[in-house]
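# Inside the fold
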Amino acid sequence: MKPVRVGICGLGTVGGGTFNVLTRNAEDIARRAGRPIVIEQVGHRSIHPDCDITGIKATSDVFEVAANPDVDVIVELIGGYDTARELVLAAIENGKHVVTANKALIAVHGNEIFQAAHEKGVIVAFEAAVAGGIPVIKALREGLGANRIEWVAGIINGTGNYILTHMRDEGRAFEDVLAEAQALGYAEADPTFDVEGIDAAHKLTIMASIAYGVPLQFDKAYTEGISRITGEDVDQADNLGYVIKHLGIAKRTENGLELRVHPTLIPKDRLLANVHGVKNAIAVMGDAVGPTLYYGAGAGAEPTASAVVADILDVARDINTAHHYRVPYLAFSGVGEDMNAPAIMPMEDITTAYYLRLLAVDRPGVLARVATILSDNGISIEALIQKEITEGELVPIILMTHRTKERQMNDAIREIESMADIAGAVTRIRVESLDEGE
Ligand SMILES: NC(=O)c1ccc[n+]([C@@H]2O[C@H](COP(=O)([O-])OP(=O)(O)OC[C@H]3O[C@@H](n4cnc5c(N)ncnc54)[C@H](O)[C@@H]3O)[C@@H](O)[C@H]2O)c1
Ligand SMILES: N[C@@H](CCO)C(=O)O
Ligand code: NA
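Residues numbered from 1 in each chain as written. Chains lettered and ligands numbered in written order. Predicted model: local features only at pLDDT ≥ 70, side-chain atom pairs only at ≥ 80, totals over all residues.

## A few points about the overall build of the protein
Applicable threshold: Per the convention used, a helix needs a DSSP run of H or I reaching at least four residues, while a strand needs a run of E reaching at least two, with both numbered from the N terminus. Here the globule rule is a power law, 2.2 Å times the number of residues to the power 0.38, and the radius of gyration is based on C-alpha atoms. Buried means a residue has 20 or more other C-beta atoms within 10 Å of its own C-beta, exposed means 12 or fewer, and partly exposed covers the counts in between; C-beta atoms are placed from the backbone. Contact between two residues is assigned when their C-beta atoms, built from the backbone, lie within 7 Å.
Across its full length, the protein carries 14 helices and 17 strands. Its C-alpha atoms give the protein a radius of gyration of 24 Å, near enough to 22 Å, the size a compact globule of 438 residues would have. Buried positions account for 49% of the 438 residues belonging to the protein. Expressed as a percentage of contacts within the protein between residues at least 6 apart in sequence, the contacts between residues at least 24 apart total 75%.

## Some words on the site of ligand 2
Under the convention used in this document: Working rule for contacts: place C-beta from the backbone, and if it is within 6 Å of a molecule or strand, that residue counts as near it. Residues are grouped as follows: Ala, Val, Leu, Ile, Met, Phe, Trp, Tyr, Cys and Pro are nonpolar; Asp, Glu, Lys and Arg are charged; every other residue, Gly included, is polar.
The immediate surroundings of ligand 2 are formed by Gly132, Asn157, Gly158, Thr159, Tyr186, Ala187, Glu188, Asp194, Asp199, Gly298 and Ala299. Among the residues forming the shell around ligand 2, the class breakdown is three nonpolar, five polar and three charged.

## What about the UniProt feature "binding site: NADPH" (unreviewed entry) in the protein?
Note the cut-off: UniProt positions are given in the numbering used here, feature names are shortened, and annotations may be inferred rather than shown by experiment.
On the UniProt side, "binding site: NADPH" (unreviewed entry) is annotated at positions that read Lys103 here. Here lysine 103 shows up in helix H5 (residues 103-120). Exposure remark for lysine 103: the 28 C-beta atoms within 10 Å place this residue in the buried category. Those residues in contact with lysine 103 that sit more than four places away from it in its chain are Ala129, Val130, Asp199, His202, Lys203 and Ile206.

## Considerations on the site of ligand 1
The test is simple: Reported domain spans reflect what an automatic or database domain assignment gives.
Taken together, 27 residues surround ligand 1, and among them Gly10, Gly12, Gly79, Asn102 and Ala299 come closest. Of all the secondary structure elements, the ones that give two or more residues to the shell around ligand 1 are strand S1 (4-11), helix H1 (13-24) and strand S2 (37-47). The dominant element in the shell around ligand 1, judged by the number of residues it contributes, is S2, at four residues. Residue composition of the shell around ligand 1, by class: 10 nonpolar, 14 polar and three charged. Looking at which domains feed residues into the shell around ligand 1, each of domain 1 (4-133 + 302-319) and domain 2 (144-297) supplies at least three.

## Details of the UniProt feature "binding site: L-homoserine" (unreviewed entry) in the protein
Within the UniProt annotation, "binding site: L-homoserine" (unreviewed entry) is assigned to Glu188. Overall, glutamate 188 belongs to the buried group, with 20 C-beta atoms counted inside 10 Å. Once residues lying within four places of it in the same chain are set aside, the contact partners of glutamate 188 are Phe193, Asp194 and Asp199.

Here it is, written out as structure tokens:
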């Protein structure tokens, strides 16, 4: 049978991994696809050292690949927003199917790209964009299609989890572990995307749209990273029976959809609390199935290539059929029509419990004043630790609160920070119990 011809654009970490997996497993993949899948051309500026493209047609102009009449599927692995968008739209315009690992592209330009693909009758596949090798797009879009999704909570940035894990286990400095994650090929080209939560917000945006049938709305996701978490926070959370994880949370409530990415205290016995290093995991609560968990490598060359190649395989299988792609991109039909409910909630309207760390001048009455501010804002304290060791004149105070509205907490924190006896900003980490059911 006629082979499916692939053009790979970008031969960095994921492009190199994709090239190698497609080549190494060609025989099994061909049996699964019912026809060979061949690399027709590559477009690259540099080649990953693990990748040998001898004998393959190559160009430095990725748009040449998108225009090549002998290419059936473009694999976009250059990353970024702008050139990637132009490349993918050009490929679609030329009637080519697209496979991408680019979550920034899908979260920000996905609505436009899906519309263009729909008009041209081609497929855009993006399993590798969320949680690398974990087939979570497929699970949410197809496997859980019977369910009303209650919530999705995931560790969805491998670099961030790698940093938090090594800071906690080895007491290493943030910058040192970040440099290691970069050397291992886990981090984004601009690592602030990882450490400031932008990458996780891209992925959460995509999962939420698929889980709830709403258009991609990256600009409405609340985004907070891990760069301000200190070793002190990690230790205090541990003393209190929690682990700090960077979570993406999408939750259906009576008032709309919560869509938020931030460091979170979670009880030590939760499954997500035990996901370490570059591993990702996404917990999904469905009304029929109950709690489910998807776990695996969230970044790295071959784990990500595993998802890219599976998408190429899906496309190859679909090319055999006469009809258009049978699964809507965001799982629900009718993108753009009646798709705006439920609405995504402003962050101030969400309700959660909090861990607070403040530095106070070691003087009587300070703690009482903090407690009064919290109580005046309707916030009750669940636990309190005042450390005996002083840091110069300053004493850290750690507080855990009961559940309260974010708006009330913002007001209370503003008041506390304006106290003369409080130094600097209050550290606030949200707490989620992540009830996994029976
Ligand atoms: N690294 C991971 O673990 C991982 C996991 C999942 C998804 N992703 C996503 O995969 C994509 C690629 O990531 P990566 O880690 O492989 O990045 P990378 O920097 O290792 O590779 C990107 C490659 O694309 C090339 N490139 C960029 N612009 C180009 C252009 N205009 N023409 C030709 N070549 C160009 C670069 O030279 C580089 O070799 C990104 O969208 C990233 O978010 C990465
Ligand atoms: N930089 C990303 C790559 C995987 O999407 C991460 O660390 O999770
Ligand atoms: Na995935």
